[in-house]
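# Reading the structure
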Amino acid sequence: FFTDWDVVLMPVMPCVAIEHDHSEPMDQRTAMVGGAEVNYWTLNRWMAPAGACFLPGTVVPVGQTEAGMPVGVQIVGPYLHDRTTLAVGRAVEAALGAFTPPPGF
């Protein structure tokens, strides 16, 4: 893939940022994704390809929901090309603007 492309853009999670929940042990927590209640650990699936393959990943904000929650994109690059993902992240930030914390933070 990376012989033809510099990076791949992937979701960070299958949903926008969620509220922190420490009410249950992590393996018993759930979150809403697309109107369905799912196990907390399923939120990590989009992070796994980069991590399992030792690829650099940079996450940058790309906007906010109507409720003001941040939305990000994961920039994944070839092995040992950390500076590439960081450079693309800087370009995304230059095009879309810097992160703005949601209300109350």
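Not measured: the values here are computed from a predicted model. (Residues numbered from 1 in each chain as written. Predicted model: local features only at pLDDT ≥ 70, side-chain atom pairs only at ≥ 80, totals over all residues. Heavy atoms only, no water.)

## A few points about the packing of aromatic side chains
Where two aromatic rings form a pair, the distance of their centres and the angle of their planes describe that pair. We apply this condition: Centres within 6.5 Å are what make two rings of Phe, Tyr or Trp a pair, Trp counting through its six-membered ring; a difference in plane orientation under 30 degrees is then read as stacked, over 60 as edge-to-face, and the rest as tilted. Categorising residues by exposure relies on relative accessible area from a 1.4 Å probe, with only protein chains included: less than 20% of the type maximum marks a residue as buried, more than 50% marks it as exposed, and the intermediate range marks it as partly exposed.
Under the counting rule described, the total for this entry stands at two aromatic pairs. Relative to Phe2, the ring of Phe1 lies with its centre 5.1 Å away and its plane at 90°, an arrangement referred to as edge-to-face. Classification of Phe2 as partly exposed rests on a relative accessible area of 27%. Between the aromatic rings of Phe1 and Trp5, the centroid separation amounts to 6.4 Å while the plane-to-plane angle is 25°, which identifies the pairing as stacked. Its relative accessible area of 54% is what places Phe1 among the exposed residues. By relative accessible area, Trp5 is classed as exposed at 54%.

## Remarks on the environment of Leu43
Stated formally: Secondary structure elements follow DSSP: runs of H or I of four or more residues count as helices, runs of E of two or more count as strands, with numbering from the N terminus. Contact between two residues is taken to exist if any of their heavy atoms lie within 4.5 Å; hydrogens are not considered.
For Leu43, the position within the fold is in the loop between strand E3 (36–39) and helix H1 (48–52). Measuring from C-alpha to C-alpha, the distance between Leu43 and Pro14 comes to 6.2 Å, with 29 residues separating the pair along the chain. Setting aside chain neighbours within four positions, we find Leu43 in contact with Val12, Met13, Pro14, Cys15, Ile18, Ala31, Val33 and Val38.

On their own, these measurements won't tell you what the molecule is for.
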